[in-house]
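# Understanding the architecture of this molecule
Read off the chains here:
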Amino acid sequence: MGSDALPSTLVLGLSLGPTGLWWTHLLVMVGMYALLGLSLNLINGYGRMFSLGHHGFWALGAYAAGSLVHHAAGSMPGPLLFLASVVLAVGVAALGGLLIGVPCLRLKGDYLAVATLGFGEILRITIQNLPEGLLGANIGLTVPRVLLEKTPETKGLFQAGWAGLMVVAVVLVAWLVRNLVTSARGRTMLAVAQDEVAAGLLGVDPTRSKVAPFVVGAALAGLAGALYAHYQGTIAPQEFTFLEMVKMLLVVVLGGLGSISGCILAAFVLLYVEQVLQLAGQDMLPAGVPPLPASWTWLAEWWSVIYALVLVLLMIFRPHGLLGTRELNDLLRSWRTRRTGRGTGAGA
Amino acid sequence: MSDLHVFLLNGLGLGAIYAFIALGYTMVYGIIRLINFAHGEVFMVGAYIGYFALRGLGVEQMPLPAPWPVVLAILVALLLAGLGSGLLAVVVERLAYRPVRKAGRIAALLTAVGVSLLLQNLTLRLFTATPRPGPAAREWIALESLPATAPGELRVDRTVRLSDGRSDTDEVVVADSGVALDEAWRARLAAEGHQGVFRRVELTKQQHQLFVIGMLALFAPTLWWLVKRTRTGKAMRAVSEDMDAARLMGIPIDRVVMATFFLGAFVAGLGGVAYAATYGKVEPMLGFLPGMKAFVAAVIGGIGSIPGAILGGLVLGLVEALLPLLLMRMGWAEAFGWTDALAFLFLIVVLLVKPTGLLGKPLREKV
Amino acid sequence: MSTPLFAIEGVTKRYGGLTAVQGVSIALQAGELVGLIGPNGAGKTTCFNLITGADTVTEGRVLWQGEDVTGLRDWQRARLGMARTFQNIRLWKDMTVRDNVRTVCRAAAQAGWLDGLLRTPRHRRVEAEVGARADELLERLGVASLAALRAGDLPYGPQRKLEIARALALEPRLLLLDEPAAGMTPSEKTDLMQVVQGLRRDHGLTVLVIEHDMRFVMGICERIVVLDHGELIGQGTPDEVRRDPRVVAAYLGSA
């Protein structure tokens, strides 16, 4: 499963490096959803738990980091504040995962889904209803830039820097996830996910093995949230709705539950398609993006309908994702084996 | 305490609508273990069908007093809404859900979400986002016999030209909302040659709620009879209990599933019309929040259980109406803004105490 | 008489109106190889479930080395030293054969979540130890050549053997085998008989076996306990049990 994911992840990350504002922005967003997908994969994929509230942890991280920077900007050097906010975000999200996980993970299947969905919604509504001075309510929370200002002059550097940062983040998280899944504790997690009863009877504490990946997944989502807050500059509750949860879920399913490189690939495909569809009709495709035929301008108007239709069709025809549970490396290897006629035939 | 009964009625009325929607969720879940996220949209489509049906049947032109045509029109609209929703659900099941039945829970869920988004956006594109007020019966009042009205009592809408059926040259102004109908207005109307005005006759919100509750009270035994006594109902129960065994017994699974979808959606369509009538406007996003809440209600009652759906719906409605009130009485002034969050919190609390819902069956796993 | 390694006393299990097990008492001394027989539905697997903690007793006690463990959860009892196999194979089908065993290895507990996450030297050391132990067990049960395969892809016989290897990874003192020979060919069964006896000898195990195959039971068990309709109707050596009229009437016929 995961042991060979690392090389292909790196390759994928580095080969997308062109400049250009649109591309770098896309890269950042791809990285964001790749992080979210990886963290969600830990829970829904490997853990086979059905969480529909992951966007709540993302929001927790974003708001934790955002409000720290909002209230404490200037009190310490920028990079230090950035780091502190990230640490806080991860901590808060992890704590949230613990508080939600311990009671809820007793629930099975669809009941867990509903409970986590409820939590996600409660969180968003809470943020909306708290006084404006605290978290910005519906108007949004401004997050002062502490690493680099985003002015018209520095825009290019800003975007490129963030794209690089996201690539690093994704590689790091992919590495962590792979490590976790192939470790001893990871095995107990997988065992509990596949047959909890048998695991329990063979000495594995099922609660621990379910709560731990849930907390780690939440923490990683919190990390993504912190990065999101810093990149965007402002965050508002409307950006953390169930629709975003659906996107994350889509990334995970499209990439194949339990495939790290598949997750990253899926994030890229999904966001690319989404952005292109949105811009195509408006004739605003940037240089470097293959343009759509001119007569397809209706695409922009109906893009939301098409997006939904594509989602449905994808589920009908490729429910196990683009790569299934295989990694990119496995796919390449089996393709090479087929071509040369050699190979042991083991794997893939 | 006098407004308590208003809140109680609010809660039961809302709860009854949740129950109508929740029934569809629970029946579908019971039979194929799918959380049909698109069910809220079926509800919304029902509301739209009802709206167009009432418009098409000319409810707006029907003069009062002569309530029977109006009542008949409403019944026809309900029936059409139910049938239309049911048909939509069957089509969706056949095209989108059946192919993914074997693909696993998350894939099925995403398909349902996709269908939900599809329906929402399609409706948005076809009918625009402008909320449409529900059609209502109107009462004709001749200009001379217009009672002396205080500002705000009888008002003028944007002018909509309708024939009143009595004389084809008359144009009338629909008195609805907007400007107060005082002396100056009356003079102007007379000068422009209007003979009179139509006044919207609407039931009060409370009357609507009573109607919905009555509808539920009438419907629940019907549903109980359908599920317990008819062959299709028994087949439904068999399939939800053990699909493989049912298949081996010769029960046509696909047809039973379609029947279940139809029935659940029919009920939701009725609910859609009721909701639009009670709470005002018909718009594409109508199904989103009530849909989610109704799903929560179904889970609270124990998903898969029909009495559970009804109980869950009523309980959730009551909680939504009464809990914020209680909290406000205890000193928390902004409690009402948190109504939705409280509803979800209530769900989580119920699940922690009863992991399979109030009336749900505990899951036993055989070792 | 020394304290039995393990015992259930006056154990009863009721599911609503149905009494699955009624007032059953069984005690095993360390090192014994005991068989548990009886017609289908007699309550044998229920007893296993009550012993291991998969189910809670309605009445009665479960004792481990004289201590009352009735309140302990299943995984706690497993860590005390009881491991089991299952009537319907419950391997972790999507994991490899080797991983199925590695997951249960006791040594794995020395490395924590952080060790795995960050690949500390301790992690590497523990992994090596666990791997060696797992390979040993796979070798012992004769399935080492299948180590890299997906557990769900294995044929039936090796799957049963893998279950035993997995249970042994827990380093148990008590091994509970639930119909280990079900579905096996006669030669496979003979093989299994030898394996079980060998394991008992080499690992100092106490074994409790549920089985329907009388040749198997009579062949390796030193003592047999007979259940029928949730009650204990006889126990003793294979010869004693074979001649017990109650047992014959309920189960053995005139075998």
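Please read these numbers as outputs of a predicted model, since none were measured by experiment.

### So, helix 5 (residues 121-140) of chain C
- A rise of 1.5 Å per residue sets the reference length of helix 5 of chain C, with its 20 residues, at 28 Å; its end C-alpha atoms lie 29 Å apart and thus fit the reference within 8%.
- Structurally, helix 5 of chain C contributes buried residues whose contacts are with helix 7 (155-182) and helix 8 (184-194) of chain A together with helix 3 (97-104), helix 4 (113-118), helix 6 (156-168) and helix 7 (186-203) of chain C.
- Directly after helix 5 of chain C, the chain includes C:Gly142, whose backbone phi takes a positive value near 80°.

### Describing a positive patch on the surface
Residues and elements named next belong to chain B.
- A surface patch of positive charge is lined by Lys228, Arg229, Lys234 and Arg237.
- When residues of the positive patch are traced back to their parent elements, those giving at least two are helix 6 (205-229) and helix 7 (231-241).
- On the basis of relative accessible area, Lys228 is assigned to the partly exposed category, the value being 38%.

### Regarding the packing of aromatic side chains
- If you walk through the whole model with that rule in mind, you get 24 aromatic pairs over all chains.
- Judged by centre distance (4.9 Å) and plane angle (55°), the rings of A:Trp58 and A:Tyr228 are tilted. Pair noted here: A:Trp58 is in helix 3 (residues 54-72) and A:Tyr228 is in helix 10 (residues 206-232), with a separation of 170 residues, a long-range link.
- Residue classification places A:Tyr228 among the buried positions, given a relative accessible area of 5%.
- Taken together, the ring pairs in this structure connect A:Tyr33, A:Trp58, A:Tyr63, A:Tyr228 and A:Phe240 into an aromatic cluster.
- C:Lys13 extends its terminal NZ or CZ atom over the ring of C:Tyr15, reaching a point 5.1 Å from the ring centre.
- Note that C:Arg166 overlies the ring of C:Trp92, its terminal NZ or CZ placed 4.4 Å from the centroid.

### Topic: the pattern of salt bridges
Residue and element names in this part refer to chain C.
- What the rule picks out here adds up to 33 salt bridges over all chains.
- The partner of Asp68 in a salt bridge is Arg61, with the nearest N and O atoms 3.7 Å apart.
- The class of Asp68 is partly exposed, set by a relative accessible area of 44%.
- We note a salt bridge from Arg201 to Asp202, for which the minimum N-O separation is 3.7 Å.

### Regarding empty space enclosed by the protein
Residues and elements named next belong to chain A.
- For the coordinates displayed, the defined rule picks out two cavities of 30 Å³ or more.
- Reported here for the largest cavity is a volume of approximately 40 Å³.
- Considering the residues around the largest cavity, the lining is formed by Arg145, Val146, Leu147, Leu148, Phe158, Trp162 and His230.
- For the lining of the largest cavity, the residue count by class is five nonpolar, one polar and one charged.
- Reported here for the second largest cavity is a volume of approximately 40 Å³.

### So, the nonpolar core
- Core analysis: the largest hydrophobic core is formed by 271 residues, its most contacted members being A:Trp58, A:Ile235, B:Tyr97 and B:Leu110.
- Tallying contributions element by element places helix 2 (residues 21-46) of chain A first for this core, with 17 residues.
- Apart from the residues lying within four places of it in its own chain, the contact partners of B:Tyr97 are B:Leu34, B:Asn36, B:Ala38, B:Val92, B:Thr111, B:Ala112, B:Val115 and B:Phe261.

### Some words on the interface of chain C and chain A
- With 34 residues of chain C in contact, the opposing surface of chain A contributes 31 residues.
- Carbon and sulfur atoms make up 62% of the surface buried where chain C meets chain A, a total of about 2,800 Å² over both sides.
- The largest contributions to the chain C side of the interface with chain A come from C:Trp92, C:Trp113 and C:Leu117, which together make up 29% of the buried area.
- On the surface where chain C and chain A come into contact, there are three salt bridges.
- The partner of C:Arg90 in a salt bridge is A:Asp195, with the nearest N and O atoms 2.9 Å apart.
- Going through the elements one at a time, helix 2 (74-80), strand 6 (82-84), helix 3, helix 4, helix 5 and helix 6 of chain C are the ones with two or more residues in the side of chain C that touches chain A.
- Considered class by class, the residues forming the side of chain C that touches chain A number 18 nonpolar, five polar and eleven charged.

### Observations regarding the interface of chain A and chain B
- If you look at the interface, chain A gives 43 residues, while chain B gives 45 residues.
- When the two sides are added together, the surface that chain A and chain B hide from each other amounts to roughly 3,800 Å², 82% of it contributed by carbon and sulfur.
- Looking at the side of chain A facing chain B, the largest losses of area belong to A:Asp110, A:Tyr111 and A:Val114, adding up to 17% of the total buried there.
- Linking chain A to chain B there are one residue pair in polar contact (both at pLDDT 80 or more).

### Considering the sheet that holds strand 7 (residues 174-178) of chain C
All names here are of chain C.
- Spatially, 6-7-8-3-9-10 is the arrangement adopted by the six strands of the open sheet, whose pairing is mixed. Looking at which strands have only one partner, the edges of the open sheet turn out to be strand 6 and strand 10 (231-236). Within the sheet, the average angular offset between the axes of one strand and its neighbour, ignoring direction, is 20°.
- Here five bridges tie strand 9 (residues 223-228) to strand 10, and the two strands are oriented antiparallel to one another. Counted as the bridge partner of Leu227 is Leu232 from strand 10.

### Section: the pairing of strand 1 (residues 6-15) of chain C
All names here are of chain C.
- Sheet analysis places strand 1 next to strand 2 (residues 18-28), joined by seven bridges and oriented antiparallel. Paired with Ile8 across the bridge in strand 2 is Ile26.
- Linking two consecutive strands that pair antiparallel, namely strand 1 and strand 2, is a turn of two residues; a positive phi of about 60° is found at Gly16 within it.
- When strand 1 meets strand 4 (residues 59-64), the two strands line up antiparallel, connected through five bridges. Along strand 4, the bridge assignment pairs Ile8 with Val62.

So, how was this worked out
Residues numbered from 1 in each chain as written. Chains lettered and ligands numbered in written order. Predicted model: local features only at pLDDT ≥ 70, side-chain atom pairs only at ≥ 80, totals over all residues. Heavy atoms only, no water. Helix = DSSP H or I, 4+ residues; strand = E, 2+ residues; numbered from the N terminus. Expected span 1.5 Å × (residues − 1). Contact = heavy atoms within 4.5 Å. Patch = residues over 30% accessible without salt bridge, like charges linked within 9 Å, V, L, I, M, F, W, Y side chains within 5 Å. Areas by Shrake-Rupley, 256 points an atom, 1.4 Å probe, with all protein chains shown as cover. Salt bridge = Lys/Arg side-chain N within 4 Å of Asp/Glu carboxyl O. Lys, Arg positive; Asp, Glu negative; His and termini not counted. Charge placed at Lys NZ, Arg CZ, Asp CG, Glu CD. Buried < 20%, exposed > 50% of the residue type's maximum accessible area, 1.4 Å probe, protein only. Phe/Tyr/Trp six-rings, centres within 6.5 Å; stacked < 30°, edge-to-face > 60°. Lys NZ or Arg CZ within 6 Å of the ring centre and 35° of its normal. 1 Å grid on protein atoms, 1.4 Å probe; cavity = no way out; pocket = protein on both sides within 12 Å on 5 of 7 lines; lining within 4 Å. Points joined across faces, edges and corners; volume = space filled by probe spheres on them. Nonpolar A, V, L, I, M, F, W, Y, C, P; charged D, E, K, R; others polar. Core = buried A, V, L, I, M, F, W, Y, C linked by side-chain atoms within 4.5 Å. Buried area = accessible area lost by both parts, 1.4 Å probe. Polar contact = N/O pair within 3.5 Å; in protein donor to acceptor, adjacent residues only side chain to side chain. Pairing = 2+ DSSP bridges. Axes fitted to C-alpha atoms, helices over the stretch in contact; angles between N-to-C directions.

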